[in-house]
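Survey of secondary and tertiary structure
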Amino acid sequence: MNLTNSLKVTTAFSSGYSATYGGKTEGMLSVVLSGDVSTLAKDTVPALTLKSITYEDNMVKVLFNNGGMLDYSKYIIYNTYDSDGNAQLPVVGDRYAAVTLKGFDADVLYVDLTSGYDVDTDATHVDNPTMLNGDLLAAKKSLSVSMIDADLTVAAWSADSTRLAVAGPATKTGFAVSAETTGKDALAGLTADLFFGSHDGSSAYLLSASYSKDFESGMFTVTPHMTFDYAKSATLPEFIRPVSDATKVTFGADLSADFGIAGSLSLTDKITLPLPGDMTYTYAVEYSNKIHDLFNIESVKVSKADGTEIASPLNLSAKVSGSTTMDAVSAGYDVTLGSVALDKVSDEYAVDIHVKTGYEADMVTVSGDVWYKLHAATKDATNNLGYMVTVSVKPMDKVAVDLSLKNFSDTDSDGNYFEETFNEPADFLYSADVTYTPNDAITSGLHLSNATYGGKSFYWNAYVKGSVSF
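My aim in this report is to walk through the structure given alongside it, one point at a time. (Residues numbered from 1 in each chain as written. Predicted model: local features only at pLDDT ≥ 70, side-chain atom pairs only at ≥ 80, totals over all residues. Heavy atoms only, no water.)

Turning to the packing of aromatic side chains, a few remarks are in order. Here the structure, examined in full by the defined rule, presents seven aromatic pairs. Between the aromatic rings of F175 and F196, the centroid separation amounts to 5.9 Å while the plane-to-plane angle is 40 degrees, which identifies the pairing as tilted. Here F175 is found in strand β12 (residues 173–183), whereas its partner F196 is found in strand β13 (residues 190–199), with 21 residues between them in sequence. Residue F175 is classed as partly exposed on the basis of its relative accessible area, which comes to 39%. F196 sits in the partly exposed class, given a relative accessible area of 32%. Over the ring of Y72 we find K140; its NZ or CZ atom is 4.3 Å from the centre of that ring. Positioned over the ring face of F408 is K406, at 5.7 Å from the centre of the ring. (Phe/Tyr/Trp six-rings, centres within 6.5 Å; stacked < 30°, edge-to-face > 60°. Helix = DSSP H or I, 4+ residues; strand = E, 2+ residues; numbered from the N terminus. Buried < 20%, exposed > 50% of the residue type's maximum accessible area, 1.4 Å probe, protein only. Lys NZ or Arg CZ within 6 Å of the ring centre and 35° of its normal.)

Listed below in structure tokens is the structure:
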């Protein structure tokens, strides 16, 4: 290793310690420790745990992480993420080490799936240890060949069928190979995935290919599309993306047209042919037009759900919106008609109305939102109205006061307030935060609220937090 003589140390009052030595060009070594250093008794040494060690230069990156891995590739040690980028699945293993060879666009991975049983002895042959036990070895490489870009991943393991660390001796072995390819130049629009996995003698495989490309001519755009799926499922460890039985072909051609001030029109369609099975159809016609800032037709859509009937049932959905800004004041609204069968609009309608206002000045920012659910199923309810008011005041430098008042519980992760039940207007929830930030290193504050316990109890806390680097 050739390290330059620069050193950076970062500490946090309660999270731990990290040190970085060197520079990326000549080589950089980083060590991260963790532990609670906020409650130490006088003259005691903090108990810190090694989190990671990283060495990186312009040719190689070597990482040891004393924790599980979130994801590695699309099919092998995979994960899924919500709209905010939060992982939906737990980490894999107890610790891992990875080596990235930058010049070859490749890396090698070792994951320790269990804290014990790394070397196990065969009961009948005591001199023959089993080296791969509760472990996973993998490698991946990106390459470009002619008109195809591909990401290749291979892995072998000794593990049980769970995603988390193996609890004891692992007697089941397996391996997997995957390739995700993307076409370019003359093959642009073509993608294909190939996967084969085997675990404890059970095998799964998948071949999935799709093609979609836009062809423009004047105001019209035509997009032919086609997919092919051929797959067989099997029981694989949970760190391998599951494969579902499938043999089907889908195809269609979408059309869109931009008529300028007259608006835009689009036609989407898809025909699905399972093998064997009945052919199903999906199609939709959608119109949109920004007539004025105060009246914007975002969508008027008639759609056909999957089904063997070509013409029915048909669903209707729509959304209009508008907004305006005058100096420091802004206002806007949107009205949404949820998808409903055309022949049942009067009986099953669900209209969601949202009105928003705001005021912004040098020291004060105010925003107000009102939601109303005009739903056929709850038209006689007393809790279809929701509101929220927030006020942010900066009375002086480094001091901020934030106030909030609302009459409903927190929204879900998708930001859909209408899926929440609005409380009675008298049962409002409030919160107040006062923060003081004297410098970049320290922040102190006071929090008051009854929202934590749904309006039933008053809650408060005060805090001081900070960080420093040198």
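Structure shown, so let's carry the discussion forward.
To continue, consider the environment of A138. Along the chain, A138 turns up in strand β10 (residues 135–145). Look at A138 and you get buried, because its relative accessible area is 5%. Placed 38 residues apart in sequence, A138 and A176 show a C-alpha to C-alpha distance of 9.2 Å. In this structure, A138 is in contact with Y72, D107, V108, L109, V154 and A155, ignoring residues within four places of it in sequence. (Contact = heavy atoms within 4.5 Å.)

Attention shifts here to the pattern of salt bridges. Going through the model one piece at a time under the given rule, you end up with six salt bridges. Residue K102 pairs with E56 through a salt bridge whose shortest N-O separation is 2.7 Å. With K102 in the loop between β6 (95–101) and β7 (106–112) and E56 in strand β4 (residues 49–56), the pair connects residues that are 46 residues apart, well separated along the chain. The closest approach of N and O atoms between R95 and D112, which form a salt bridge, is 2.6 Å. Of this pair, R95 sits in strand β6 while D112 sits in strand β7, and the two are 17 residues apart along the sequence. On the accessibility criterion, R95 (24% relative accessible area) is partly exposed. Judged by relative accessible area, D112 falls into the buried class, the value being 3%. (Salt bridge = Lys/Arg side-chain N within 4 Å of Asp/Glu carboxyl O.)

Right, let's talk about the side chain of T153 for a bit. Its location among the elements puts T153 in strand β11 (residues 148–158). A residue is classified by how much of its surface remains accessible, and T153, at 2% relative accessible area, is buried.

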